[in-house]
Amino acid sequence: MRIEVDNLWKRYRRKVALRGLSLCFEPGRVTGVLGENGSGKSTLFRIVAGVTGASEGTVRIDGNDVGVRTRGETAYLPETDSFYSWMSVGEQLEFLSAFYTGWDAVKARELLDFMRLTPGDRIDELSQGQRARLKIVAAFAWPSRLVVMDEPFNGIDPPSRRRILEALVREYRVDTQTILISTHMVYEVEGLVEDVVYLRDGQVAIEGRADDLRAEKGGSLSDIFEEIVL
Amino acid sequence: MNPLVALYVKELKGIRLVGAVLTVATAAIVLVVLNDAADGGIHLSMALLILPYMCPPVLAGLLMHAISQEWAGNTQHQWLALPVPRSTLLLTKMAAVCTLAVAIYMLNTFALYMIYEQVLDTVQSGSMSPTPAGPMKIEAGELWVFTGALFGSLTLLLLGLGLAAASLKMMLNRFRGLLTVAVFLGGLWLTERLAPSVTGAIQSMESMPLDRSVLTAAFDGYLYLAVMGIAFSVAGLYVFDRYADA
């Protein structure tokens, strides 16, 4: 899915999160949206996912305004746990399956096994890391056209992060899926993202193809990120 | 599963604890009253049947709690990201609360119906005097309609106010409790204020022949309350659609 962001502003009462952001995410690519805490990554993702409105400007997904239609094609993993604590893992997935076309129960089961979760587990008894894993299961159990992952590995132990991320992108990803990943831990997504957008103070600091940026700046994405931060 | 059914079932499960308490309490009242009425007499405990009919404010509070709980429980991201119109999200919550209202109404009115039929039988057999106001004109079966219209219209009005208050709270960061009180007081004041003109308009509708019996004389008032409830609900849905943010 092609996502066009044009002059996007988001103002809260005492804070401006996005300041006239304009950029384009190409379809079928994995884009890392990088930036420090408070740079506007989560706000941008919330607007793309359709859970927050913009103060000004537009986001168009394949030419459509964000709405019911685009939400039906977007798998959104918010930064925080967003599951109903009184449900079991199986109940939560069954609930979500009612809304998304092409939900694959077999794939969901495979992903649960991969993430070492069982359908009978109650969500309020899961650890933070297990909840983070469940978010990933919910996002990849159906062939969404767009996956928006906001700090998806918060709470997951570092040794597992890379294994999970690689499996998701290389094994469980549907070919045409556009994936947006936000993180402030750039080294985690270093080898997986194809495009990169660095946000700073609600604006684009740098954007481009990951390989081009590495060649141009002569360093890793982490190095470039540190340079921008400093 | 159909998305609407999935949402509705989720909302029913979400209010299951309060729902169970209200339903069990109503059932207990019904059992006590019917047990006392088994001897065919009139007992003070029968007055308890009025309590379940007074639950619409509780139901409005339950609806508001169910909405605010999405934010308190941090589930608003998942909820708002679902590919259904935002109005549907709220209407399924309202449907779940209405289901509880119907259950309470059915249970309580069943007891009232049984007792009233028993009283009518006693009056007809001559072992009890009719009411001081004259012969009893209300058929036992009409009790369902009469209490349903009264309870239903009050419930709809208060749920509409609850929906409007919960939605307006999205626009404020502070003074949310004050806003809730203001919406309820303002809404009830507005309902009272508009009553004569709207009731007059309803009465003038020739397409609705109203039977001026003891029961139906009150129906235009109930209809008015229901219309106001729907109006407040529509206002709440509009505000929620525009201002609800994860």
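To be clear, the structure that these remarks concern was listed above.
The paragraphs below set out a description of the structure included in this document. (Residues numbered from 1 in each chain as written. Chains lettered and ligands numbered in written order. Predicted model: local features only at pLDDT ≥ 70, side-chain atom pairs only at ≥ 80, totals over all residues. Heavy atoms only, no water.)

Some thoughts on the overall build of chain A
Then, number 1: When helices and strands are tallied, chain A shows eight helices and ten strands.
Then, number 2: Taken over C-alpha atoms, the radius of gyration comes to 17 Å for chain A, in line with the 17 Å a tight globule of 230 residues would show.
Then, number 3: Principal-axis analysis of the C-alpha atoms gives chain A an extent of 45 × 35 × 35 Å.
Then, number 4: Classification of the 230 residues of chain A by burial places 54% in the buried group.
Then, number 5: A separation of at least 24 residues holds for 71% of the contacts in chain A among residues at least 6 apart in sequence.
Then, number 6: Considering chain A, the positive charge centre built from 30 side chains and the negative charge centre built from 36 side chains are found 4 Å apart. (Helix = DSSP H or I, 4+ residues; strand = E, 2+ residues; numbered from the N terminus. Rg over C-alpha atoms; globule rule 2.2 N^0.38 Å. Buried < 20%, exposed > 50% of the residue type's maximum accessible area, 1.4 Å probe, protein only. Contact = heavy atoms within 4.5 Å. Lys, Arg positive; Asp, Glu negative; His and termini not counted. Charge placed at Lys NZ, Arg CZ, Asp CG, Glu CD.)

Description of the packing of helix α3 (residues 89–97) of chain A against helix α5 (residues 128–140) of chain A
Residues and elements named next belong to chain A.
Then, number 1: The contact between α3 and α5 brings their axes to 10 Å, and the two run at 30°. If you check the angle between α3 and α5, you find them roughly parallel. Viewed along their axes, α3 and α5 form a crossing whose handedness is right-handed. Along its contact with α3, which presents Val89, Leu93 and Leu96, the element α5 presents Leu134, Val137 and Ala138.
Then, number 2: In the contact of α3 with α5, the residues fall into six nonpolar, no polar and no charged. (Axes fitted to C-alpha atoms, helices over the stretch in contact; angles between N-to-C directions. Parallel < 35°, antiparallel > 145°, perpendicular 65-115°, else oblique. Left-handed = near helix turned anticlockwise from the far one by under 90°. Nonpolar A, V, L, I, M, F, W, Y, C, P; charged D, E, K, R; others polar.)

As for the sheet that holds strand β3 (residues 30–35) of chain A
Residue and element names in this part refer to chain A.
Then, number 1: Strand order across the open sheet formed by six strands is β6-β7-β8-β3-β9-β10, with mixed pairing between neighbours. Whereas interior strands pair on both sides, the edge strands pair on one side only; in this sheet they are β6 (74–77) and β10 (203–209). For this sheet the average axis-to-axis angle between neighbouring strands, irrespective of direction, equals 15°.
Then, number 2: Here six bridges tie strand β9 (residues 195–200) to β10, and the two strands are oriented antiparallel to one another. Directly across from Val197, in β10, lies its bridge partner Glu207.
Then, number 3: Relative to strand β7 (residues 146–150), helix α1 (residues 41–49) is tilted by about 150°, and along the sheet it contacts β3, β6, β7, β8 (178–183) and β9.
Then, number 4: Here α5 sits on the sheet in contact with β6, β7 and β8, set at roughly 175° to β6. (Pairing = 2+ DSSP bridges.)

So, the state of the cysteines
All names here are of chain B.
Then, number 1: For the structure on display, the rule yields zero disulfides over all chains.
Then, number 2: Between Cys55, a cysteine without a disulfide, and Cys98, which holds the nearest cysteine sulfur, the sulfur-to-sulfur distance is 11 Å.
Then, number 3: A residue is classified by how much of its surface remains accessible, and Cys55, at 7% relative accessible area, is buried. (Disulfide = S-S within 2.5 Å.)

Focus: the pairing of β8(A)
Residues and elements named next belong to chain A.
Then, number 1: With six of its six residues buried, β8 lies for the most part within the structure.
Then, number 2: Side-chain alternation along β8 places Thr178, Leu180 and Ser182 on one buried face and Ile179, Ile181 and Thr183 on a second face that is also buried.
Then, number 3: Both β3 and β8 contribute to a ladder of five bridges, which runs parallel. When the bridges of β8 are listed, Val30 appears paired with Ile179.

Points about the interface of chain B and chain A
Then, number 1: Facing the 29 residues of chain B at the interface are 27 residues of chain A.
Then, number 2: Approximately 2300 Å² of surface area, both sides summed, lies buried where chain B meets chain A, with 56% of it carried by carbon and sulfur atoms.
Then, number 3: By the criterion of area lost to chain A, the three top residues of chain B are B:His77, B:Gln78 and B:Pro83, representing 27% of everything that side buries.
Then, number 4: Between chain B and chain A we count one salt bridge in total.
Then, number 5: Among the secondary structure elements, those contributing two or more residues to the side of chain B that touches chain A are α1 (3–14) and α5 (76–81) of chain B.
Then, number 6: Its residues placed into classes, the side of chain B that touches chain A shows 15 nonpolar, eight polar and six charged. (Buried area = accessible area lost by both parts, 1.4 Å probe. Salt bridge = Lys/Arg side-chain N within 4 Å of Asp/Glu carboxyl O.)

Re the pairing of β7(A)
Moving residue by residue along a regular strand, the side chains alternate between the two faces of the sheet.
Residue and element names in this part refer to chain A.
Then, number 1: Of all the five residues making up β7, five are buried; the element is thus mostly covered by neighbouring parts of the structure.
Then, number 2: Taking every second residue as pointing to the same face, both faces of β7 are buried, with Leu146, Val148 and Asp150 on one and Val147 and Met149 on the other.
Then, number 3: Alignment of β6 against β7, held across four bridges, turns out to be parallel. Across the sheet, Thr74 pairs through a bridge with Leu146, a residue of β7.
Then, number 4: In the sheet, β7 pairs with β8 via five bridges, with the strands oriented parallel. Residue Val147 lies in a different strand from β8, and its bridge partner there is Ile179.

Notes on the sheet that holds strand β1 (residues 3–11) of chain A
All names here are of chain A.
Then, number 1: With antiparallel pairing, four strands are arranged side by side in an open sheet as β2-β1-β4-β5. Edge positions in the sheet fall to β2 (16–25) and β5 (64–65), since each of these pairs with one other strand and no more.
Then, number 2: Of the pairings in the sheet, the one linking β1 to β2 comprises six bridges and is antiparallel in character. What sits directly across from Glu4, in β2, is Cys24.

Thoughts on unusual backbone geometry
Then, number 1: Residue A:Asn7 is not a glycine yet carries a positive backbone phi of 45°.
Then, number 2: By secondary structure assignment, the location of A:Asn7 is in strand β1.
Then, number 3: Its relative accessible area of 32% is what places A:Asn7 among the partly exposed residues.
Then, number 4: One non-glycine residue, B:Asn74, adopts positive backbone phi at about 65°.
Then, number 5: In this fold, B:Asn74 is placed in the loop between α4 (56–72) and α5.
Then, number 6: The partly exposed category is assigned to B:Asn74, whose relative accessible area is 29%.

By themselves these figures say nothing about function.
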